[in-house]
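Each chain, letter by letter, is given below.
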Amino acid sequence: MKIIAKTFKGLEEILAKEIEDLGGKDITLLNRGVQYTGNKELLYTSNYNLRTAVRLITPIFQFKAKTQDEFYDKIFAHNWDHYMNIDDTFAIDAVCSSEVFTHSKYLAYKTKDAIADKFRETHQKRPNVNVLNPTIRINVHLYDQSFTISLDSSGDSLHKRGYRVDAGEAPLNEVMAAGLVLLSGWNGDTPLLDPMCGCGTIAIEAARFALGLPPHVEDRGFGFMNWKNFDIDLWNKIKEKSNQPKPNIPNIYARDINLGMVKKTKTNVINADVFEHITIERKDFFRSYTNESLTIITNPPYDLRIKLDDINSFYKKMGDTLKHKYKDCSAWIFSGNLDALKSFGLKTSKRHSMMNSQIESKFYKFDSYA
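A few points on the structure. Throughout, a residue's number is its position along its own chain's written sequence, starting from 1. Per-residue local features of the predicted model are confined to residues with pLDDT of at least 70, and side-chain atom pairs are confined, for both listing and counting, to 80 or more; whole-chain, interface and lining totals are unaffected and use all residues. As a rule here, side-chain values come from all non-hydrogen atoms in the structure, and water together with hydrogens is ignored.

Observations regarding the nonpolar core
Definition of nonpolar core: a set of buried residues of the types Ala, Val, Leu, Ile, Met, Phe, Trp, Tyr and Cys, connected through side-chain atoms within 4.5 Å. Relative accessibility decides the category of a residue: with a 1.4 Å probe and only protein chains considered, values under 20% of the type maximum give buried, values over 50% give exposed, and everything between is partly exposed. Leu180, Ile252 and Ile278 are the most contacted members of the largest nonpolar core, which has 60 residues in total. With residues up to four places along the chain from it excluded, the contact list for Ile252 reads Trp186, Leu192, Ala203, Ala206, Ala207, His277, Ile278 and Thr279. One finds Ala16, Ala108, Leu158 and Trp235 within the second-largest nonpolar core, a separate group that totals 47 residues. Two residues qualify as a contact provided that any one of their heavy atoms is within 4.5 Å of a heavy atom in the partner residue.

What follows is the structure, given as structure tokens:
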């Protein structure tokens, strides 16, 4: 079975390493994705355990079409009874780069019509479309005249772990947060601090990674659970094997100056079942210090959705605080404000370029020595 894991730009190599560790074969890096092969067990395991995948799709057939009518006929001719029942609801996600179809919504519309018409011919009834919560989600990818039709095995985006119920303003995507932890190389060998934790996403992703737990809560649903060939015994076996936490992990600190965000963090940490592993504190980073050798990973404001009076001074003050009050620490700063990062005042030892949604971002490592 061919599987395509989608991700954010900049996380492809980390995702490929995750897939290799799970047993994926024939791994190929794509633009914002990774292609590999595996069986049904690996597909289930990948959805449950991959931290940096946004969505997993499995191609079911490919063809070429020069006209819209030819495309419709190819979709209509396919055996959709193999994948869905008349009582299923379905939705179409389409991506196109072609002169045949110039609008992805129209491509999705034509796909929906062909599938519905096929069921009306064979069953005298059309299945319903449900854009928000379908039982079956179908992906259509068009480049030039080549079409790839895939089943979406994830359902909801995999960033929806199931633990974050209170996010606040401008929250960091969970997949991106996990990617930052993995890109930093932190593996639980030192205590970890997020001094501007927001709703606690980085700390939670780090804790579940260090514990060896999957990123998702145990009762989170996935698209493959609605497929005709869903194997519930295999799925229960995978969940039982995956939920075996390590006995001890280093201290993880989640701090924020905003009391409201501290409360949100507490709620999310409890939902993520890592409350005993994360110390949650209301603290002003600029007035704090440490005697520990810490790894710091944080996502400070960009001055885009959360406004600051002087973003450059804010970043300079962060650098000064690290230099004088967090000696013998390594700090990873993730930001979409590239100009403000230049004001940090410390030399970078590692750099990663990424895309956070539509925002060009950098992930810089700064080392502070005694």
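Let us keep going from here.
Looking at helix 6 (residues 201-211)
Secondary structure elements are taken from DSSP: a helix is a run of H or I of four residues or more, a strand is a run of E of two residues or more, and numbering for both begins at the N terminus. Helix 6 sits mainly inside the fold: ten of its eleven residues count as buried. For helix 6, the set of buried residues is Thr201, Ile202, Ala203, Ile204, Glu205, Ala206, Ala207, Arg208, Ala210 and Leu211. Where helix 6 is buried, its residues meet helix 5 (174-184), strand 9 (192-194), strand 10 (252-256), helix 8 (259-271), strand 11 (278-282) and strand 12 (295-298).

Remarks on the pairing of strand 8 (residues 146-152)
For strand 8, the tally of buried residues reaches six of seven residues, placing the bulk of the element in the interior. Inspection of the sheet shows strand 4 (residues 55-64) paired to strand 8 by seven bridges, in the antiparallel sense. Bridge pairing in strand 8 places Phe61 opposite Ile149. Strand pairing is assigned whenever DSSP detects at least two bridges linking the two strands. Bridge count between strand 7 (residues 136-143) and strand 8: six bridges; the pairing is antiparallel. Bridge pairing in strand 8 links Leu142 to Phe147. Between strand 7 and strand 8, which pair antiparallel and follow one another directly, the connecting turn spans two residues, one of which, Asp144, has a positive phi of 60 degrees.

Some thoughts on the packing of aromatic side chains
Each Phe, Tyr or Trp ring (for Trp, its six-membered ring) is paired with any other whose centre lies within 6.5 Å, and the angle between the two planes then decides the class: stacked below 30 degrees, edge-to-face above 60, tilted in between. Applying the stated criterion across every chain, the model contains 29 aromatic pairs. When the ring of Phe101 is compared with that of Phe147, the centres are 6.2 Å apart and the planes differ by 85 degrees; the resulting orientation is edge-to-face. Remark: Phe147 occurs in strand 8 and Phe101 occurs in the loop between strand 5 (89-97) and helix 4 (104-123); sequence separation between them is 46 residues. Of the two residues examined, Phe101 and Phe147, each falls in the buried class. Taken together, the aromatic side chains of Phe61, Phe63, Phe71, Trp80, Tyr83, Phe101, Tyr106, Tyr109 and Phe147 make up a single cluster linked through ring pairs. Taking NZ or CZ as reference, Lys118 lies 5.6 Å from the ring centre of Phe76, over its face. One Lys or Arg, Arg351, reaches over the ring of Tyr364 and ends 4.9 Å from the middle of that ring. Lysine NZ or arginine CZ positioned within 6 Å of the ring centre and within 35 degrees of the ring normal marks a charge as sitting over the ring.

Details of the sheet that holds strand 5
Pairing in this open sheet of eight strands is mixed, and the strands run 2-3-1-4-8-7-5-6 from one edge to the other. Edge strands, defined here as strands with exactly one partner in the open sheet, are strand 2 (25-30) and strand 6 (128-129). With respect to the sheet, helix 1 (residues 12-22) is in contact with strand 1 (2-6), strand 2 and strand 3 (33-37), its orientation differing from that of strand 2 by roughly 170 degrees. Every angle, taken between N-to-C directions, lies between 0 and 180 degrees, and every axis is a line fitted to C-alpha atoms, over only the stretch in contact when it is a helix. Sheet contacts for helix 4: strand 5, strand 6, strand 7 and strand 8; angle to strand 5, the most-contacted strand, approximately 140 degrees.

Some details on the side chain of Ser154
Tracing the chain through its elements places Ser154 in the loop between strand 8 and helix 5. From its side chain, Ser154 meets the backbone nitrogen of Leu56 in a polar contact 2.9 Å long. The residues contacting Ser154, other than those within four sequence positions of it, are Asn47, Arg55, Leu56, Arg220, Gly221, Phe222 and Gly223. N or O atoms within 3.5 Å of each other form a polar contact, as long as, within protein, one can give a hydrogen and the other can take it, and as long as residues adjacent in sequence are counted only when both atoms are side-chain atoms.

Focus on the pattern of salt bridges
Every case where a carboxyl oxygen of Asp or Glu lies within 4 Å of a side-chain nitrogen of Lys or Arg is listed as a salt bridge. In the structure shown here, the tally under the stated rule is 15 salt bridges. Note that Asp21 and Lys17 form a salt bridge whose closest N and O atoms lie 2.9 Å from each other. Taken together, the residues Asp21 and Lys17, both in helix 1 and four residues apart, mark about one turn of the helix. The exposure class of Asp21 is exposed, given its relative accessible area of 54%. Here Asp113 ties to Lys112 by a salt bridge, and the two come within 3.1 Å at their closest N and O atoms. Among the residues examined, Asp113 registers a relative accessible area of 16% and is labelled buried. One salt-bridge network, held together by shared partners, links Lys112, Asp113, Asp117, Arg120 and Arg126.

So, helix 5
In terms of burial, helix 5 is largely enclosed, as eleven of its eleven residues are buried. Inspection of helix 5 places Glu174, Val175, Met176, Ala177, Ala178, Gly179, Leu180, Val181, Leu182, Leu183 and Ser184 among the buried residues, and these make up the whole buried set. Lining the buried residues of helix 5 we find helix 1, helix 6, strand 12, strand 13 (329-335), strand 14 (348-356) and strand 15 (359-368). The N-cap residue of helix 5 is Asn173: its side-chain oxygen and the backbone nitrogen of Val175 are 2.8 Å apart.

Don't take any of this as a statement about function, it's just geometry.
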